[in-house]
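Structural characterization, general
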Amino acid sequence: MTPGKSAEAARPARRRLSVDRRREELMAAALELFSKRDAEDVSIDDVASAAGASRALVYHYFGGKQELYVAALRSAADQLESRLRPQRDGRPLEELAAGLGRYFDFVEEHAAGFAALLRGGPANRAGEVGEIVDGVRRRLFRLILKQMHVADAGPVLRTTLRSWIASVETAGLDWLELRDIERPELERLLVDQMVALLGVAAGYDAEVRSLVDDLAKERTA
């Protein structure tokens, strides 16, 4: 067999797919690559090869690597945000725990998308890419406020919640890499961390102190 034929045989067979399905496959292949390497180190040829498509087809659907990168991250962000929509109106800590469960469902089921969303990127999160990532964080922030029945967060509560969100993101990446703690235990740990952070913040702000008192009543009810 000639070298050319050998290389052709090794390439994944192309299939006839709908436009939407082909776009999804290209974005899935891109997310898998972007989750492991910086976007600058991934080429259109890499994505085409991973998806079993031609280079021309990738350009046809996305125009270029940056457009593909943005589309892939936006797809991952949309899927994650859909998981963060409130499911019911229960007690704040119960709702927080339920939301974390849905968050980590996404982390587990869409590992490449989650990792690509939070790792690396040009000028580390500038421009449109930064807006996509920050949009997910803002959504999670607003969800937590709603669950805690807080209309508007002052500076102490805002800083505390944003710090906790950063901890959740770091915990998700760490869990994907090592998986040396059971998911339910990790989720309980993160809920307890939230309570602990709010307990510290309560010493600096009356609004947070009132919130902590309400959460303490919930835990003893």
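The structure we're discussing is the one just above.
Residues numbered from 1 in each chain as written. Predicted model: local features only at pLDDT ≥ 70, side-chain atom pairs only at ≥ 80, totals over all residues. Heavy atoms only, no water.

**Things to note about unusual backbone geometry**
Applied cut-off: The way it works is that DSSP assigns letters per residue, a run of H or I at least four long becomes a helix, a run of E at least two long becomes a strand, and they are numbered from the N terminus. Residue burial is assigned from relative accessible area. The probe radius is 1.4 Å, only protein chains are included, and a residue is buried under 20% of its type maximum, exposed over 50%, and partly exposed in between.
Within the chain, His149 stands out as a residue other than glycine whose phi angle is a positive 60°. Within the secondary structure, His149 is located in the loop between α8 (127–147) and α9 (155–178). Under the relative-accessibility criterion, His149 is labelled exposed at 53%. Of note in the backbone geometry, Arg179 takes a positive phi value of approximately 50° without being a glycine.

**Focus: the pattern of salt bridges**
Here is the rule: We count a salt bridge whenever a side-chain nitrogen from Lys or Arg sits within 4 Å of a carboxyl oxygen from Asp or Glu.
Per the counting criterion, the structure on display carries 15 salt bridges. A salt bridge links Glu108 to Arg183, with the nearest nitrogen and oxygen atoms 2.9 Å apart. With a gap of 75 residues between them, Glu108 in helix α6 (residues 92–109) and Arg183 in helix α10 (residues 183–201) connect regions that are remote in the sequence. On the basis of relative accessible area, Glu108 is assigned to the partly exposed category, the value being 39%. Taken together, the shared-partner salt bridges in this structure form one network comprising Arg21, Arg22, Glu24 and Glu25.

**Points about the nonpolar core**
To be explicit about the condition: Nonpolar core, defined: a set of buried Ala, Val, Leu, Ile, Met, Phe, Trp, Tyr and Cys residues in which side-chain atoms within 4.5 Å join the residues together. Note on contacts: a residue pair qualifies if any of its non-hydrogen atoms lie within 4.5 Å across the two residues.
With 70 residues, the main nonpolar core has Tyr103, Leu117, Ile144, Leu157 and Trp164 as its most contacted residues. With sequence-adjacent residues up to four places away left out, Leu157 is seen in contact with Leu145, Val150, Leu198, Glu207, Val208 and Leu211.

**With respect to the packing of helix α2 (residues 19–34) against helix α5 (residues 65–83)**
When two helices pack together, you describe them by how their axes are tilted relative to each other and by the distance separating the axes. Test applied: In this analysis, axes come from line fits to C-alpha atoms, helices being fitted only over the stretch in contact, and the angle between any two N-to-C directions falls in the range 0 to 180 degrees. For this classification, under 35 degrees means roughly parallel, over 145 means roughly antiparallel, 65 to 115 means roughly perpendicular, and everything else is oblique. When residues are sorted by character, Ala, Val, Leu, Ile, Met, Phe, Trp, Tyr, Cys and Pro go into the nonpolar class, Asp, Glu, Lys and Arg into the charged class, and all the rest, Gly among them, into the polar class.
Interhelical geometry of α2 versus α5 gives an angle of 95° and a closest axis separation of 9 Å. In terms of axis orientation, α2 runs roughly perpendicular to α5. Of the residues in α5, those in contact with Leu26, Met27, Ala30, Leu31 and Phe34 of α2 are Leu68, Tyr69, Ala71, Ala72, Leu73, Ser75 and Ala76. Residue classes in the contact of α2 with α5 are distributed as 11 nonpolar, one polar and no charged.

**Examining the environment of Arg137**
With respect to the helices, strands and loops of the structure, Arg137 is situated in helix α8. Note on Arg137: relative accessible area 32%, which makes it partly exposed. Through-space distance from the C-alpha of Arg137 to that of Ala166 is 8.8 Å; in sequence the pair is 29 residues apart. Apart from residues no more than four positions distant in its own chain, Arg137 is found in contact with Leu118, Ile165 and Glu169.

**Here's the deal with the environment of Arg209**
With respect to the helices and strands, Arg209 occurs in helix α11 (residues 206–220). Judged by relative accessible area, Arg209 falls into the partly exposed class, the value being 40%. Taking the C-alpha atoms as reference points, Arg209 and Gly199, 10 residues apart in sequence, are found 7.6 Å from one another.

**Some remarks on the packing of aromatic side chains**
For clarity, the threshold we go by: Put simply, two rings from Phe, Tyr or Trp (the six-membered ring, in Trp's case) pair if the centres are within 6.5 Å, and we call them stacked under 30 degrees between planes, edge-to-face over 60, tilted for the rest. Criterion for a charge above a ring: Lys NZ or Arg CZ within 6 Å of the ring centre, and within 35 degrees of the ring normal.
Scanning all chains against the criterion turns up four aromatic pairs. Seen from their ring centres, Phe34 and Tyr69 are 4.6 Å apart, and the 75° between their planes marks the pair as edge-to-face. Taken together, the residues span a long stretch of sequence, with Phe34 in helix α2 and Tyr69 in helix α5 at a distance of 35 residues. Among the residues examined, Phe34 registers a relative accessible area of 3% and is labelled buried. Look at Tyr69 and you get buried, because its relative accessible area is 2%. Taken together, a centroid distance of 5.7 Å and an interplanar angle of 65° make the contact between Tyr103 and Phe104 edge-to-face. Within the aromatic cluster, the residues linked to one another by ring pairs are Tyr103, Phe104, Phe114 and Trp175. It is Arg162 that lies over the ring of Phe141; its NZ or CZ is 5.7 Å from the centre.

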